[in-house]
Amino acid sequence: MASGVVLQQHARDFPSSSPRSTDEITSNPLLNLLTNTLVLHQTIPYLPISSLLNLAATSPSFRDLLLRRTPGVFRHLDLTRVKTAQFEVDGGIDHGGEIWRNVQVDENLTEDDFYSGPLRGIIQSIRRRDILHHVQTLVLDGLSVTAEFCNDILVDPTLRVRILSIRDVKNLNERKLMQSLRYACRSTRPDDTPRLKGLYVFGARDAPDLIASSSVGQNGAVRGGANISIGWNHKSQHALKESFRTEGDDWYHKKGRIIGKHIADGWAETLLDCRETIRFDAVLCTGPRHQNSPAFGKVPVASGGTMPDVNSPWGVATFALGGCASCGSSPEGFTVYGNSPAEELPLLAPVPLHSSTVKAATCPNPNPNPNPNDKPGTRRETHKFIPRCLECIRERYCFSCDQWWCESCYQVPSRQELSVQHVHIADQTNNDLLDHELAALEPSIVKVRKGYCLNCYPQSTERRPGVRNPFPSILSGSEANM
């Protein structure tokens, strides 16, 4: 009786005129399991589209369940593992016909047709199956994706893609992509456009799951070498997942450099123009050098001692910092999840599987390394960070220990001050030369030089013999205390 109630609650309503379908549900354990909507929606995001289509082709009941009666089966579409979507061409455009058959290589073939040919062929096939309009999360990491293809996703009224991931893609013209994004987010755009709400483009693609495939011989037995490889693959995958679980989320839990790729000119302005419409996996730098900073014009700002004074209206943050080593904060304050405006929160990796909303993509996980002194339930966990670009932390940030000093607590000495360690003053009474050390260049004042703080410099010398001391004078152990 109880099992019948559960089946009645969770099974999809198959046509009453087809008792064969109901009998198949009870006789087929897999179909019976997948008719439970909770199990189905928690399982399908992990399956590639080829597996879903193959499963739908096994019987009319599976086809009816997956393609007709269950909304959201193809909500999350990951094409990174589709073999025909890979773009591998060694040489010129004449080899295009050897890679795919859906693009005719002729004189009229455009650059976009060539580089996006494999992906467009897959998209057309999915569209013919009446699947494409159900897709809300589209993952294309590492594939050949052109700016024109991204523009089609932005402007096509038949598409409902809300989250798009194009990290580490090939053949992407970033300037054209910026133009498309800024045009799509213009103030005169039609209502309810663009439908795209989140774009992963700056970070590194998610680490793929290591699927151990058995190497089977002619007699069906697995080779001994394959067993060793499979074992090491499982160990490596487990170690990788454990390291990710220990480090936590980018920005909030991981500190230091978050975005390792070069940020092309124009992205900061693009993020600024799209901030009310589209979220990105990066945010604007909030350092006092930039006009969008709450501390702009409130604290004196000096560039690093070895770099010219370059001020930019806006900049893309590539570093996530904690509080200043002296004051524990920063002139502009922290970006706090739950308190800061939604447009200041970055999209977090990996791309969410079970939701296609920006709210889910920006929600951090609990801190994997909480303070052991905090009792569970005593206070609410706060997720916060300080987004900065490289220029805003130059000669302020130690790349070894991740400590840094803000503009309110530390002014970086100029190049001229760093080049002169002593000032000779002539006494007018007896013309004796008196050596006076420049107060601003006392070892306790210079916090960071050449990317190292005073405490970390001796360690860097041990790791890299022959490194010249970047500080004004050689420090003893007692002088190195900050």
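A few points on the structure. As a convention, each chain's residues are numbered from 1 in the sequence order in which they are written. With the structure being a predicted model, the display of local features is reserved for residues of pLDDT at least 70 and the display and counting of side-chain atom pairs for 80 or more, all residues being used for whole-chain, interface and lining totals. Note that the side-chain values use all heavy atoms of the structure and ignore hydrogens as well as water.

### A look at the overall build of the protein chain
Moving on, step 1. Numbering of helices and strands runs from the N terminus, with a helix taken as a DSSP run of H or I at least four residues long and a strand as a DSSP run of E at least two residues long. Along its length, the protein chain carries 15 helices and 13 strands.
Moving on, step 2. Here's how the labels work: a residue is buried when its accessible area is under 20% of the maximum for its type, exposed when over 50%, partly exposed in between, all with a 1.4 Å probe on protein chains only. In the protein chain, which comprises 482 residues, the share counted as buried stands at 39%.
Moving on, step 3. Throughout, a residue-residue contact means that at least one pair of heavy atoms, one from each residue, lies within 4.5 Å. Counting only contacts in the protein chain whose residues sit at least 6 apart along the sequence, the fraction spanning at least 24 positions is 72%.
Moving on, step 4. Per-residue and other accessible areas were derived by the Shrake-Rupley procedure at a 1.4 Å probe size, with only the shown protein chains allowed to occlude residues. Carbon and sulfur atoms form 50% of the exposed surface of the protein chain, whose accessible area is close to 27,100 Å².

### So, the packing of aromatic side chains
Aromatic rings in a pair are described by how distant their centres are and how their planes are angled relative to each other.
Moving on, step 1. Ring pairs shown here join Phe, Tyr and Trp side chains whose ring centres sit within 6.5 Å, with only the six-membered ring taken for Trp; geometry is labelled stacked below 30 degrees between planes, edge-to-face above 60, and tilted in between. Counted under the stated rule, the structure contains 10 aromatic pairs.
Moving on, step 2. Centroid distance F319 to Y397: 5.6 Å. Interplanar angle 65 degrees. Geometry classified as edge-to-face. Here F319, found in strand β7 (residues 319-321), pairs with Y397, found in the loop between β9 (384-388) and α14 (415-419); they are 78 residues apart in sequence, far enough to count as distant.
Moving on, step 3. We classify Y397 as buried; its relative accessible area is 2%.
Moving on, step 4. Taken together, the ring pairs in this structure connect W251, Y252, Y337 and F385 into an aromatic cluster.
Moving on, step 5. Charge-over-ring placement is defined geometrically: NZ (Lys) or CZ (Arg) within 6 Å of the ring centre, and within 35 degrees of the ring normal. A cation over a ring is seen here: R186 above Y183, with NZ or CZ 4.0 Å from the ring centre.
Moving on, step 6. Here the guanidinium or amino end of K384 rests over the ring plane of F334, the centre of that ring lying 4.4 Å away.

### Section: helix α12 (residues 267-274)
Moving on, step 1. Turning to α12, its buried residues are W267, A268, T270, L271 and C274. All buried residues of α12 fall inside an arc of 160 degrees around its axis, so they share one side.
Moving on, step 2. In this structure, the buried side of α12 is in contact with α10 (174-184) and β6 (279-280). When we speak of the arc, we mean the arc of directions from the helix axis to the C-beta atoms.

### Quick word on the sheet that holds strand β1 (residues 76-78)
Moving on, step 1. In this description, strands pair whenever DSSP reports at least two bridges between them. Read from one edge of the open sheet, 5 strands run β1-β2-β3-β4-β6, paired in parallel fashion. In this open sheet, the two strands that pair with only one neighbour each are β1 and β6.
Moving on, step 2. Inspection of the sheet shows strand β4 (residues 198-200) paired to β6 by 2 bridges, in the parallel sense. The residue of β6 that forms the bridge with G198 is R279.

### What to know about the side chain of S116
Moving on, step 1. Note on placement: S116 falls in the loop between α7 (111-115) and α8 (117-128).
Moving on, step 2. The class for S116 is buried, based on a relative accessible area of 0%.
Moving on, step 3. Sequence-distant contacts of S116, that is, excluding residues within four places in its chain, are made with S144 and T146.

### Observations regarding the sheet that holds β7
Moving on, step 1. Strand order in the open sheet made by the 4 strands is β5-β7-β9-β8, with antiparallel pairing throughout. The open sheet has two edge strands with one neighbour each: β5 (256-257) and β8 (335-336).
Moving on, step 2. Pairing geometry for β7 and β9, over 3 bridges, is antiparallel. Bridge pairing in β9 links L321 to I386.

### Notes on unusual backbone geometry
Moving on, step 1. Residue P194 follows T193 across a cis peptide bond; omega there is -10 degrees.
Moving on, step 2. Position of P194 among the secondary structure elements: in the loop between α10 and β4.
Moving on, step 3. Looking along the chain, the bond that leaves A349 and enters P350 is cis, with omega of -5 degrees.
Moving on, step 4. Despite not being glycine, D130 shows a phi value in the positive range, around 65 degrees.
Moving on, step 5. Position of D130 among the secondary structure elements: in the loop between α8 and β2 (137-139).
Moving on, step 6. Notably, D402 is not glycine yet its phi reads approximately 65 degrees, a positive angle.
Moving on, step 7. Position of D402 relative to the elements: it lies in the loop between β9 and α14.
Moving on, step 8. Under the relative-accessibility criterion, D402 is labelled partly exposed at 33%.

### Here we look at the state of the cysteines
Joining two cysteines, a disulfide is a covalent bond between their sulfur atoms.
Moving on, step 1. Pairs of cysteine sulfur atoms within 2.5 Å are what we label disulfides. Tallied over the full model, the rule gives 0 disulfides.
Moving on, step 2. With no disulfide of its own, C324 lies closest to C406 among cysteine sulfurs, the gap being 3.8 Å.
Moving on, step 3. As a non-bridged cysteine, C392 has C389 as the owner of its nearest cysteine sulfur, 3.6 Å distant.
Moving on, step 4. Note on C392: relative accessible area 2%, which makes it buried.

### Focus on the nonpolar core
Moving on, step 1. Side-chain atoms within 4.5 Å are what join buried Ala, Val, Leu, Ile, Met, Phe, Trp, Tyr and Cys residues into a set we call a nonpolar core. Ranked by internal contacts, the top residues of the largest apolar core, which has 71 residues, are L79, L140, I166, W267 and F280.
Moving on, step 2. Breaking this core down by element, the ones donating at least two residues are α3 (29-34), α5 (49-56), α6 (60-67), α8, α9 (147-155), α10 and α12.
Moving on, step 3. With residues near it in sequence (within four places) discarded, L140 still touches L79, T80, L119, V145, F149, L164, S165, I166 and V169.
Moving on, step 4. In this structure, L321, C324, W405 and Y452 belong to the second largest nonpolar core, which totals 18 residues.

### Section: the pattern of salt bridges
Moving on, step 1. Between Lys or Arg on one side and Asp or Glu on the other, a salt bridge is scored when a side-chain nitrogen of the former is within 4 Å of a carboxyl oxygen of the latter. As enumerated under the stated definition, the model contains 15 salt bridges in all.
Moving on, step 2. Between E174 and K261 there is a salt bridge whose closest N-O contact spans 3.6 Å. Here E174, found in helix α10, pairs with K261, found in the loop between β5 and α12; they are 87 residues apart in sequence, far enough to count as distant.
Moving on, step 3. Of the residues examined, K261 reaches a relative accessible area of 31% and is grouped as partly exposed.
Moving on, step 4. A salt bridge links R394 to E391; the shortest N-O distance between them is 2.6 Å.
Moving on, step 5. Residues participating in the shared-partner salt-bridge network are E332, R388, R396 and E407.

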